[in-house]
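Geometric and topological summary
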Amino acid sequence: DAMVIQNPRYQVTQFGKPVTLSCSQTLNHNVMYWYQQKSSQAPKLLFHYYDKDFNNEADTPDNFQSRRPNTSFCFLDIRSPGLGDAAMYLCATSRGGDYGYTFGSGTRLTVV
Amino acid sequence: TQLLEQSPQFLSIQEGENLTVYCNSSSVFSSLQWYRQEPGEGPVLLVTVVTGGEVKKLKRLTFQFGDARKDSSLHITAAQPGDTGLYLCAGAVWDDYKLSFGAGTTVTVRA
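Parameters and conventions
- Position numbers for residues count from 1 along each chain, tracking the sequence in the order it is written.
- All chains are assigned letters beginning with A, and all ligands numbers beginning with 1, in the order in which they are written.
- Reporting of local features is limited, given that this is a predicted model, to residues whose pLDDT is at least 70; pairs of side-chain atoms are given and counted only at 80 or more, and all residues count toward the totals for whole chains, interfaces and linings.
- The side-chain figures draw on all heavy atoms in the structure; neither hydrogens nor water molecules are used.
- Numbering of helices and strands runs from the N terminus, with a helix taken as a DSSP run of H or I at least four residues long and a strand as a DSSP run of E at least two residues long.
- In this description the radius of gyration comes from C-alpha coordinates, and the expected globular size is given by 2.2 Å times residues to the power 0.38.
- Summary of the burial criterion: residues with accessible area below 20% of their type's maximum are buried, those above 50% are exposed, and those between are partly exposed, where the area comes from a 1.4 Å probe applied to protein chains only.
- For every accessible area listed, the method is Shrake-Rupley and the probe measures 1.4 Å; residues are considered covered only by the protein chains on display.
- All tallies of charge rest on Lys and Arg as positive and Asp and Glu as negative; His and the ends of each chain are not included.
- For this purpose, a charge sits on NZ of Lys, CZ of Arg, CG of Asp or CD of Glu.
- Here, nonpolar core refers to any group of buried Ala, Val, Leu, Ile, Met, Phe, Trp, Tyr and Cys residues whose side-chain atoms link them within 4.5 Å.
- The contact rule is simple, with two residues in contact once any of their heavy atoms fall within 4.5 Å.
- We define a polar contact as two N or O atoms separated by no more than 3.5 Å, with the added condition that, inside protein, one atom must be a possible hydrogen donor and the other a possible acceptor, whereas residues neighbouring each other in sequence contribute only through side-chain atom pairs.
- Two aromatic rings, drawn from Phe, Tyr or Trp (for Trp, its six-membered ring), form a pair once their centres lie within 6.5 Å of each other, and the interplanar angle then sorts them: stacked below 30 degrees, edge-to-face above 60, tilted otherwise.
- In our convention, an over-ring charge means Lys NZ or Arg CZ found within 6 Å of a ring centre and within 35 degrees of that ring's normal.
- The working definition used for a salt bridge is a side-chain nitrogen of Lys or Arg within 4 Å of a carboxyl oxygen of Asp or Glu.
- Pairs of cysteine sulfur atoms within 2.5 Å are identified as disulfides in what follows.

**A short note on the overall build of chain B**
The helix and strand tally for chain B stands at zero helices and eleven strands. The order of α-helices and β-strands along chain B, N terminus first, is β-β-β-β-β-β-β-β-β-β-β. What you see for chain B is a C-alpha radius of gyration of 13 Å, in line with the 13 Å of a compact globule of 111 residues. Its C-alpha atoms give chain B principal-axis dimensions of roughly 45 × 30 × 20 Å. A burial count over chain B gives 46% of its 111 residues as buried. Accessible surface computed for chain B: about 5200 Å², of which carbon and sulfur atoms make up 50%. Of the charged side chains in chain B, 9 are positive and 11 negative; the average position of the first set lies 3 Å away from that of the second.

**Let's talk about the nonpolar core**
Leu19, Leu32, Trp34, Phe63, Leu74 and Ile76 of chain B are the most contacted members of the largest nonpolar core, which totals 21 residues. Contributing elements (two or more residues each) for this core: strand S3 (19-24), strand S4 (31-37), strand S5 (44-49), strand S7 (61-65), strand S8 (71-76), strand S9 (85-92) and strand S11 (105-110) of chain B. Dropping the residues within four chain positions of it, Leu19 of chain B is found in contact with Leu11, Ile13, Leu74, His75, Ile76, Ala79 and Val107 of chain B. Leu21, Met32, Leu46 and Ala87 of chain A belong to the second-largest nonpolar core, a separate cluster that totals 18 residues.

**Here's the deal with the side chain of Gln6 of chain B**
Residues and elements named next belong to chain B. With respect to the secondary-structure elements, Gln6 resides in strand S1 (residues 5-7). For Gln6, a relative accessible area of 13% corresponds to the buried category. In this structure the side chain of Gln6 is engaged in a polar contact, spanning 2.9 Å, whose partner is the backbone oxygen of Tyr87. Looking at Gln6, its side chain comes within polar contact range of the main-chain nitrogen of Gly104, at 3.0 Å. Every residue in contact with Gln6, bar those within four places of it in the chain, is listed here: Val21, Tyr22, Cys23, Trp34, Tyr87, Leu88, Cys89, Gly102, Ala103, Gly104 and Thr105.

**Considering the packing of aromatic side chains**
Inspection of every chain in the model, using the stated rule, returns 15 aromatic pairs over all chains. Of the aromatic side chains, those joined through ring pairs into one cluster are Tyr33, Tyr35, Tyr101 and Phe103 of chain A together with Tyr35 and Phe101 of chain B. Lying across the ring of Tyr99 of chain A, Arg95 of chain A places its NZ or CZ 4.1 Å from the centre.

**Some words on the side chain of Gln37 of chain B**
Structurally, Gln37 of chain B can be placed in strand S4. Residue Gln37 of chain B is classed as buried on the basis of its relative accessible area, which comes to 6%. For Gln37 of chain B, the side chain forms a polar contact with the side chain of Gln37 of chain A, separated by 2.7 Å. In this structure, Gln37 of chain B is in contact with Gln37 and Leu90 of chain A together with Gly42, Pro43, Gly85, Leu86 and Leu88 of chain B, ignoring residues within four places of it in sequence.

**Considering the pattern of salt bridges**
According to the stated counting rule, one finds six salt bridges over all chains in the structure shown. In this structure, Glu57 of chain A and Lys98 of chain B form a salt bridge, with 3.1 Å as the shortest nitrogen-oxygen distance. With Glu57 of chain A in the loop between strand S6 (53-56) and strand S7 (64-67) and Lys98 of chain B in the loop between S9 and strand S10 (99-101), the pair connects residues from two separate chains. Close ionic contact of Arg67 of chain A with Asp77 of chain A constitutes a salt bridge, the shortest N to O distance being 2.8 Å. Linking Arg67 of chain A in strand S7 with Asp77 of chain A in strand S8 (residues 73-78), this pair joins segments that are ten residues apart in sequence.

**Focus: the state of the cysteines**
Inspection of every chain in the model, using the stated rule, returns two disulfides over all chains. Residue pairing for Cys23 of chain B: its cysteine sulfur links by disulfide to Cys89 of chain B, the two sulfurs lying 2.0 Å apart. Its S-S torsion of approximately 75 degrees makes the covalent link between Cys23 of chain B and Cys89 of chain B right-handed. With Cys23 of chain B in strand S3 and Cys89 of chain B in strand S9, this pair connects stretches of sequence that are 66 residues apart. No difference in accessibility class separates Cys23 of chain B from Cys89 of chain B, as the two residues are buried. Looking at Cys74 of chain A, it has no disulfide partner, and the nearest cysteine sulfur is the one in Cys91 of chain A, 6.0 Å off. Look at Cys74 of chain A and you get buried, because its relative accessible area is 0%.

This is the structure in structure tokens:
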């Protein structure tokens, strides 16, 4: 089945230690998104790619970076995680807003 | 992004009861989508409504898009414990790849 896969499902990292979360898709969608979600709140968009074009949200901290080496893969790098970065990180793909998003199962990040 | 207001924020009902969740905005959308998210999982798309006044039914779930394309509702008939989750509405605007999400409604159906 075509899908969006995030790895790992759970990640524990130390305060200040860089961490990378990964996302892969078999849907061949042009657009990939990274969201941060805390405590049953709405997902908050961090950035998105249309093909290789990177689009950063104005309020996304510089601590968060992303890479999309090809259509299938996208990575979220957190350079120096703080306690406030503990959250569920969701990857999603789309052909465009009206077509809806396909989300991965998320990565639950814990910062100790 | 456009603001979408969902109400209520929390809803707890007994199995077999009906419920309605509302999603309102002052902005016009090309489509509105509803997602359900279970604890520890990503949101799953339930439906997309694209025509003003459109009504879509998915088993016990009924979705409506307002005539002016600014609001939507989700109605669940005879709710079951399996309907428990966070319901998110999201609006799309023509030629924009980003969705605007509402704050979500946490629905708990007690057996």
